[in-house]
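Spelled out from the first residue to the last, the chains are:
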Number of protein chains: 2
Amino acid sequence: MDTTQRTDQQRSADRRRRELLEAADRVVLRDGPQASMNAIAAEAGITKPILYRHFGDKGGLYAALAMRHTDALLDSLRAALDAPADRRERVEATLDTYLTAIEARPQVYRFLMHPAEGSPGDQGFDVGKHSAPLLRRMGEELAQVIEERLDLGPGGQQLARVWGHGIVGMMHAAGDWWLGERPCSRGELVRSLADLLWGRLAAAGDKIGGPGF
Amino acid sequence: MDTTQRTDQQRSADRRRRELLEAADRVVLRDGPQASMNAIAAEAGITKPILYRHFGDKGGLYAALAMRHTDALLDSLRAALDAPADRRERVEATLDTYLTAIEARPQVYRFLMHPAEGSPGDQGFDVGKHSAPLLRRMGEELAQVIEERLDLGPGGQQLARVWGHGIVGMMHAAGDWWLGERPCSRGELVRSLADLLWGRLAAAGDKIGGPGF
DNA sequence: ACTGCATGTTACCGCAAGTAACATGCACGT
DNA sequence: ACGTGCATGTTACTTGCGGTAACATGCAGT
């Protein structure tokens, strides 16, 4: 068994895989996280068992799909994070990049955040890892950037990880709420969040008439 | 049709409803968000259609269940938020209260955060409101407290709402990650998050050798 | 021509949400 | 005492989705 044939077949399989993923993408873009395997198979012009042969189960397909989008988003975020500007500007650029992304494709974003919650095979109650992979990856990534660039003294590495996940969670929740209610422009939201990270909460004065928050 | 009978019947119905909710509670505590209507009915000693008569559909039951726990948690949080201490201490107490709650009952917490994502009837793609009701309610509540007590100048109300949802998201994501990895004690996590809110991110110095984050 | 293997199909299983139609117990007006 | 209404309860079903088994087909290499 020489290698050329193996490679050939694998190439073809990879191509198919990519085609299937793109079909799945279209369906998810249209139907959100509710996209069914039947629908995806139909969109791809084939039937279910093929999907299962390629991806094992629904979780596998979703994981593969999530990986693509997550990678893409993380690339954008890294670019914003690495821009040649001062810290505040970069934080704002990063927030803006994220918000722009979720604003552009809400369905995909929704899918990434709540992937396959009700699927069987999810039986293990290991509570910790139920968060969306995207959130975790963004948190770890941000933590690394923080730890690399900021001098946080002893315990800085752990502090960076807490902050990474915390900031990502802040961004996510605020973005989610903002996308639903649209209470202000994207720019205003970005500024408000950056202000929060810049300590305006602690610096604000008490309102007259009661003890401060 | 006099009222006494009506009231009587309603009382009885309410009692049943509460019993059913408690049974559902037990099942969710055991099985997490995957709890099936059959299982809940069995635990309550009855059959499915009764559940549907009382709660309409699975979403209804879950909403009722979530309401109970959400109310309880919000009461605890309000207590921490209203304690007679300075702002920093109260923020830390609130964070600690939340983390203690999710640490004590991970299944319930998981259920509250990701309720019935895959249920039909969820077909409307109104993306915004997909976030857990608990997160939204906590965000709004916190926003109100912030807006009531802090002098934020013009635009303060909107700022308070952004911050409310942002802080809650930070708390949630960090807590979620922490619960899964247990990288440090609860106290350390609380301090780290409070530090973040207190502006240490902006105040930190650049690490030698590169531009600061 | 025969084998091996990936690709593709139809037809099925199991399980959970949700519903229709049928039974039963209990307060009421007459 | 007797039917009438109404809530409570049941069995048995439909629908839809995830997942799989068994069977068909096209195309290398010997």
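Conventions and cut-offs
In this convention, every chain numbers its residues from 1, walking through the sequence in written order. Whichever chain is written first is A, and whichever ligand is written first is 1; the rest continue in order. Two thresholds apply to this predicted model, a pLDDT of at least 70 for residue-level local features and 80 or more for giving and counting side-chain atom pairs, whereas whole-chain, interface and lining totals are computed over all residues. Here the side-chain values reflect all heavy atoms present in the structure, with hydrogen atoms and water set aside. Only a single heavy atom is needed: when it lies within 4 Å of a molecule or strand, its residue is near that molecule or strand. Whenever two N or O atoms come within 3.5 Å, that pair is a polar contact, provided that in protein one can donate a hydrogen and the other can accept it, and provided that, for residues adjacent in sequence, both atoms are side-chain atoms. Runs of H or I in DSSP of at least four residues are treated as helices and runs of E of at least two as strands, each being numbered from the N terminus. Charged residues are taken to be Asp, Glu, Lys and Arg, nonpolar residues to be Ala, Val, Leu, Ile, Met, Phe, Trp, Tyr, Cys and Pro, and polar residues to be all remaining types, Gly included. Should any heavy atoms of two residues lie within 4.5 Å, those residues are considered in contact. When two parts are put together, the accessible area they lose, computed with a 1.4 Å probe and summed over both, is reported as buried area. One side-chain nitrogen of Lys or Arg within 4 Å of one carboxyl oxygen of Asp or Glu is enough to make a salt bridge. In this description, strands pair whenever DSSP reports at least two bridges between them.

The name given to chain A in an unreviewed UniProt entry is TetR/AcrR family transcriptional regulator, with Streptomyces cahuitamycinicus as the source organism.

A. View of the protein's contact with DNA strand C. Around DNA strand C sit 15 residues in total, of which Thr 47 and Arg 53 of chain A together with Lys 48, Tyr 52 and Lys 58 of chain B are the nearest. When the atoms of DNA strand C within 4 Å of the protein are grouped by moiety, sugar and phosphate amount to 50% of the total. Between DNA strand C and Met 37 of chain B, the relevant distance is 3.0 Å, taken from a phosphate oxygen to a main-chain nitrogen or oxygen of the residue. The contact in question runs from a base oxygen of DNA strand C to an N or O atom on the side chain of Lys 48 of chain B, over 2.6 Å. Going through the elements one at a time, α1 (3-31) and α3 (48-55) of chain A together with α3 (48-55) of chain B are the ones with two or more residues in the surface near DNA strand C. Of the residues belonging to the surface near DNA strand C, the class tally is six nonpolar, four polar and five charged.

B. Spotlight on the interface of chain B and chain A. Across the boundary between the two partners, chain B contributes 72 residues, which contact 72 residues of chain A. Here chain B and chain A share an interface that buries about 7,000 Å² over both sides, 59% of which is from carbon and sulfur atoms. There are eight salt bridges connecting chain B and chain A. Note that Asp 176 of chain A is salt-bridged to Arg 136 of chain B, the shortest N-O span being 3.7 Å. Between chain B and chain A we count 24 residue pairs in polar contact (both at pLDDT 80 or more) in total. Top contributing element to the side of chain B that touches chain A by residue count: helix α8 (residues 156-181) of chain B, with 17 residues. For the side of chain B that touches chain A, the class distribution of residues is 32 nonpolar, 19 polar and 21 charged. Where strand β2 (residues 205-206) of chain A meets strand β1 (residues 150-151) of chain B, two bridges bridge the pair, whose relative direction is antiparallel. By the bridge assignment, Gly 205 of chain A is partnered in β1 of chain B with Asp 151 of chain B.

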